[in-house]
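# Summary of the model geometry
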Amino acid sequence: MNFLKKLLSVMLVLVMSLVSIAGCSSSASSTPESTPEPTPVPTPTPEVIPADAYFIVQNGEAAATFVYAEKETQMIKDAVAEIRAMLDDECGFKIPVWEDSKLSRVKTDNVFYVGMTKRTELSRMGQATSYQYIAEKEGNNVYLLSYTQGGIREAVESIRDNIIVTSDGKNAYVTPDVFGLKDRQLAEVDHAWDRFTISGYGTPTFSTYDPDLWNEKDQETFQSIIDFGVSTITVWESGYRTNANFDLEALKKYIDKFYSVGITTRLYAFSNEHYQKKDHEGYPTGVTKDYAALEDCIKHAVETFGDIEGIEQWGFYDEPLSDETFSYCRDVMDLFDKYDTKDRPVYINMGPLTGQIWVDDPLHRYNQLLNITNPDYYCFDRYPFWCVDENGDIALGGEPIMYEEYWYSNLEINRNIAIDASRDAGMIIACIIVGGEAGRLEGRADISQEFMNWQMNLALAYGYKYVEQFVFYTGHDYGLYTKDNEKTHRWYIAKNANDYANVVGAMLFDKKLDIVYHLANADGSYSPEVVPYTGYGDIGNVIGCDAVLSFFEDGTIIVTDKRCCDNDGGEHDVTLTGIKGGVEWFNAETGEWEDLSTCQNASVGDNGLTLTMTRASQFIIRTK
C-alpha cells in the first residue's frame, strides 16, 4: 500500500510538470497581449463509504475484534491470522484477537465470533448445513459459523476476500452483501470404493490357505463368511519376507476364492514392526527414520502381491496419534502410490480420541491427520461400552448400562473432516462382548440385537460409506466364532444388521448427506458436541425426543432411534409437523420405495408425519 501511495505521488508530480511545460509552450506561441487562463486544479472526489458498512478499522483505529473458542483449531486460528496480516499490511494496524474465555476484557462493541464460542447461541450453528457457511450480522456483532471446521474457515475467508480499504488506509470495512447463508464449493468426493462396504477386523481360521486342500470345516467356515454379508476380509501376511516355505500360490488361490464370490481382501503385506518404536507393553511410541528400508519393504510387497485382483486395499496402521506417526503414514501412502499401479487405498484407522484424558486437544489430532497424512478415507473406532451394574452378570440380576459418552461426538468429527476433505467416512463397530478382547470381561455385558442395530443404523444415518466390524475370529469364545470355529449367537445378531445395512447402504451410497440433527434426550439434555434440531426446509417443528434426524440433498430423510438397550424404555412418537402430504418409505426387506400405508408404525395426520419408534429402530422416508 505504501508503494502505491508513492507511485501515485510520483505520477501526480509528473502530470503537473507536463501541464506546466505544455503551458510554457502555449504561452511562447501566443501574442504578448493574451493572458493565459490558469489551469484548473480538479477537486478530488471523496471516497464514499456506505452508511451500513461494517467497520473493522475506522479512522485509523480498531473498530472490531475477533473472538474464537479457547480450544479452536489451528485451521481457524490461521484464517483469522490471515485477515489480521492483510490489515496490518494495508492499514498498518493489528486487529485484536481474543479467546472466548477472556472476552469480558474486550471494550469494543463490534465482535467477530468465529466458531462455537461461549457467546454464540447453539441454535445458530444449525442454520448452516455441512455444505454451507453463514456470516451473520446482528447489531454490531458478526457470527462466522458452519457445521464443519472447513466451513467456518470459508466464512472467515469470505470476510477477508471482501474487505474494502480506503486509499488513505484509515478505514477498512465490509458491505452487507457479504453476510448471509452461502453455499460452499466442495470438490467431488473421491470414493475409496465403488460400493457400500462392510468389512471384518479379524482373520477367519482355515487349516491352510490352499482352498484345494480345505477340509469340511474349512468349507463350512467359508460359506458362513459369505452368508454373514461382508464385502471385505482382512488377511495378515508379512512372513513371506522371512519364511522360505511361504506358499505364495496358495495365498493367491485363497484370495481368489473369496474374490470369486464378490468378497475382496485387505492385505497386511509388510512387517510394520521394523519401523515402529514400541514401549514395554508393545504400544507404538514413535517411528524410526529408516526410509530406504521402508521403501524396499513396500516395493517388495507390491511386487509380490500387487497383481492379485482380489486385493482391494493395503492394510497398514491402527490409531496413529502424533505428528511423527502421521508423517510416517504419509510416507507409506506415498510409497504405495509410487509402486502400486492399481492405486488401491491404504487403511489408516484413527483411534477413539474425543474425551480421552490422555489426549490433549483431540480435534487438533484429527485435523493433523487431515493436514499431514490426508488419508484415502477417514475411519475411526470408538466403542460404546455396554456394561452391567454392580450386581455383575445379567444372568444374576445385573442391569445393562450403556456408556456412550462422546460416541456421537466421534461420529460428528469423523464425518465433518471427511466432508471438508471430500473423502468417504468409515467407522468400526463392535460385534463381540464389548471390551472383552482386552481381557476386561468382568462387568461387560454381551451384545444384543438392539445394540448391534443401533450401531449400524447410526453409521447409515451419518452417511458412512464404509463400516468395519470388530469380530475377532480366533482364540476365544466371545466373538463371532468359538475357538473351534463354531458360530456363536453374535454371528446371527450381526448378520441381521448386515442384511439390513447392505440394502440400505447401497441405496444411500451416491446420496449426499447434508446435515444430521439431534432431538433432545429423554431427560432434556443433549449428547456432547451434537447439533440440536432447529429446522430444515419445510419440515417445520419436530415433536419428540431420543432420535437423530438425517437430511439428504435429494430429499431422503432418515429418523433413527437413539436407544439401544432393553432398559431404555418402550415406544415413543416422533412427529415431523411439516409433512402432511404423500410420503414414501424405503423397505429394506424388498429394497424398494413403497407407499407409507404399507409401513407399520408410521402415519400422516393433521399433526404431520408421526413415527412410532421402538428401540434401535430406523425409518427412511421421502415426500412424493
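In this text, all values refer to a predicted model and were calculated from it rather than measured experimentally.

Here the focus is the pattern of salt bridges. A full pass over the atoms with the stated rule returns 26 salt bridges. Where K94 meets D88, a salt bridge forms, and the shortest distance between an N and an O atom there is 3.1 Å. Owing to a relative accessible area of 55%, K94 belongs among the exposed residues under this scheme. Overall, the relative accessible area of 27% leaves D88 in the partly exposed class. Residues E295 and K338 are paired through a salt bridge, measuring 2.8 Å at the closest nitrogen-oxygen approach. Placement of the pair is E295 in helix 7 (residues 291-305) and K338 in helix 8 (residues 323-339), with a sequence separation of 43 residues.

The next subject is the nonpolar core. Counting 155 residues, the largest nonpolar core has I159 and F305 as the members making the most contacts within it. Among the nonpolar cores identified, the runner-up in size contains 14 residues, and A192, Y377, Y383 and A430 belong to it.

Strand pairing in a sheet takes place through backbone hydrogen bonds and is either antiparallel or parallel in direction. Spatial strand order, 4-3-5-7-6-10: six strands in an open sheet with mixed pairing. Looking along the sheet, the strands with just one partner apiece sit at the ends: strand 4 (97-99) and strand 10 (180-183). Strand-to-strand, the axes of this sheet are offset by a mean angle of 20 degrees, without reference to chain direction. Here strand 6 (residues 132-138) pairs with strand 7 (residues 141-146) via six bridges, running antiparallel. The residue of strand 7 that forms the bridge with Y133 is S146. Of the strands in this sheet, strand 3 (65-68), strand 4 and strand 5 (111-114) touch helix 2 (residues 74-91), which is tilted by about 175 degrees from strand 3.

Within the open sheet, the four strands sit side by side as 24-27-31-30. Their pairing is antiparallel. Since the sheet does not close on itself, it has two edges, and those belong to strand 24 (542-543) and strand 30 (602-605), each with one partner. Relative to strand 31 (residues 608-613), strand 27 (residues 572-576) is paired through five bridges, and the arrangement is antiparallel. Following the sheet pairing, T575 is matched in strand 31 by T610.

A separate point is helix 5 (residues 216-228). Along its 13 residues, helix 5 runs 18 Å from first to last C-alpha, staying within 8% of the 18 Å computed at 1.5 Å per residue. Turning to helix 5, the residues buried within the fold contact strand 12 (232-236), helix 6 (248-259), strand 22 (466-470) and helix 12 (489-508). Taken from the residues just after helix 5, G229 is the one with a positive phi, measuring 100 degrees.

Between its first and last C-alpha, helix 8 extends 25 Å over 17 residues, near the 24 Å set by a 1.5 Å rise per residue. Those residues of helix 8 not exposed but buried are T325, F326, Y328, C329, R330, V332, M333, L335 and F336.

One can find D337 in helix 8. What D337 contacts, discounting residues up to four positions off in sequence, is R330 and D343.

The next point concerns the environment of I95. Inspection of the secondary structure puts I95 in the loop between helix 2 and strand 4. Note on I95: relative accessible area 0%, which makes it buried. Sequence-distant contacts of I95, that is, excluding residues within four places in its chain, are made with I56, V57, A62, A64, T65, F66, R84 and L87.

Looking at the secondary structure, you find T203 in the loop between strand 11 (197-201) and helix 5. With a relative accessible area of 30%, T203 lands in the partly exposed category. Counting along the chain gives 30 residues from T203 to I233, while the straight-line C-alpha distance between them is 7.3 Å.

Here we come to the pairing of strand 1 (residues 54-58). Where a strand is regular, its side chains alternate between the two sheet faces. For strand 1, a buried count of four out of five residues is recorded, marking the element as mostly surrounded by other parts of the structure. Looking at chain direction, strand 1 and strand 9 (residues 172-174) are connected through three bridges and run antiparallel. Note on strand 9: the bridge partner recorded for V57 is A172. In terms of strand pairing, strand 1 meets strand 2 (residues 61-62) through two bridges, oriented antiparallel. Across the sheet, the residue bridging to Q58 is E61, located in strand 2.

Examined bridge by bridge, strand 30 and strand 31 share four bridges and lie antiparallel to one another. Within strand 31, the residue paired with A602 across the bridge is L611. Turn length for the strand 30-strand 31 hairpin, with the two strands adjacent in sequence and antiparallel, is two residues.

Turning our eyes to something else, we now look at the packing of aromatic side chains. Scanning all chains against the criterion turns up 39 aromatic pairs. Through a chain of ring-to-ring contacts, the aromatic side chains of Y201, W236, Y268, Y347, Y383 and F470 assemble into a single cluster. Sitting above the plane of the F509 ring, K465 keeps its charged end 5.6 Å from the centroid. The aromatic ring of W593 is capped on one face by R622, whose charged end is 4.0 Å from the ring centroid.

Attention now moves to the side chain of S231. Looking at where S231 falls in the secondary structure, it is placed in the loop between helix 5 and strand 12. Apart from the residues within four sequence positions on either side, S231 is in contact with R195, F196, T197, I198, G262, I263 and T264.

The next thing to look at is the side chain of D340. Tracing the sequence through the fold places D340 in the loop between helix 8 and strand 17 (346-350). A polar atom in the side chain of D340 sits 3.0 Å from the side chain of R344. Residues in contact with D340, not counting those within four places in the same chain, are V302 and W314.

Another aspect to go through is the confidence of the model for the protein chain. Per-residue confidence for the protein chain gives a mean pLDDT of 84, with 84% of residues at or over 70. The least confident element of the protein chain, judged by mean pLDDT, is helix 1 (residues 2-29) at 36; the most confident is strand 26 (residues 557-561) at 98. Scored below 50 in pLDDT, residues 1-32 shows seven contacts in the model against residues more than four places distant or in partner chains.

We note that N59 has phi near 55 degrees; this positive angle belongs to a residue other than glycine. Within the fold, N59 resides in the loop between strand 1 and strand 2. You can call N59 exposed: its relative accessible area is 60%. Of note in this structure, N485 is not a glycine but carries a positive phi near 65 degrees. Within the secondary structure, N485 sits in the loop between strand 22 and helix 12. Given a relative accessible area of 9%, N485 falls into the buried group.

We now examine the packing of helix 10 (residues 407-420) against helix 11 (residues 449-461). Between helix 10 and helix 11, whose axes approach to 11 Å, the crossing angle comes to 25 degrees. What the angle tells us is that helix 10 and helix 11 run roughly parallel. Note that helix 10 runs across helix 11; the crossing there is right-handed. Together, W407, Y408 and L411 of helix 10 and W454, Q455 and L458 of helix 11 make up the contact between the two elements. Its residues assigned to classes, the contact of helix 10 with helix 11 shows five nonpolar, one polar and no charged.

Cut-offs and rules
Residues numbered from 1 in each chain as written. Predicted model: local features only at pLDDT ≥ 70, side-chain atom pairs only at ≥ 80, totals over all residues. Heavy atoms only, no water. Salt bridge = Lys/Arg side-chain N within 4 Å of Asp/Glu carboxyl O. Buried < 20%, exposed > 50% of the residue type's maximum accessible area, 1.4 Å probe, protein only. Helix = DSSP H or I, 4+ residues; strand = E, 2+ residues; numbered from the N terminus. Core = buried A, V, L, I, M, F, W, Y, C linked by side-chain atoms within 4.5 Å. Pairing = 2+ DSSP bridges. Axes fitted to C-alpha atoms, helices over the stretch in contact; angles between N-to-C directions. Contact = heavy atoms within 4.5 Å. Expected span 1.5 Å × (residues − 1). Phe/Tyr/Trp six-rings, centres within 6.5 Å; stacked < 30°, edge-to-face > 60°. Lys NZ or Arg CZ within 6 Å of the ring centre and 35° of its normal. Polar contact = N/O pair within 3.5 Å; in protein donor to acceptor, adjacent residues only side chain to side chain. pLDDT = per-residue confidence, 0-100. Parallel < 35°, antiparallel > 145°, perpendicular 65-115°, else oblique. Left-handed = near helix turned anticlockwise from the far one by under 90°. Nonpolar A, V, L, I, M, F, W, Y, C, P; charged D, E, K, R; others polar.

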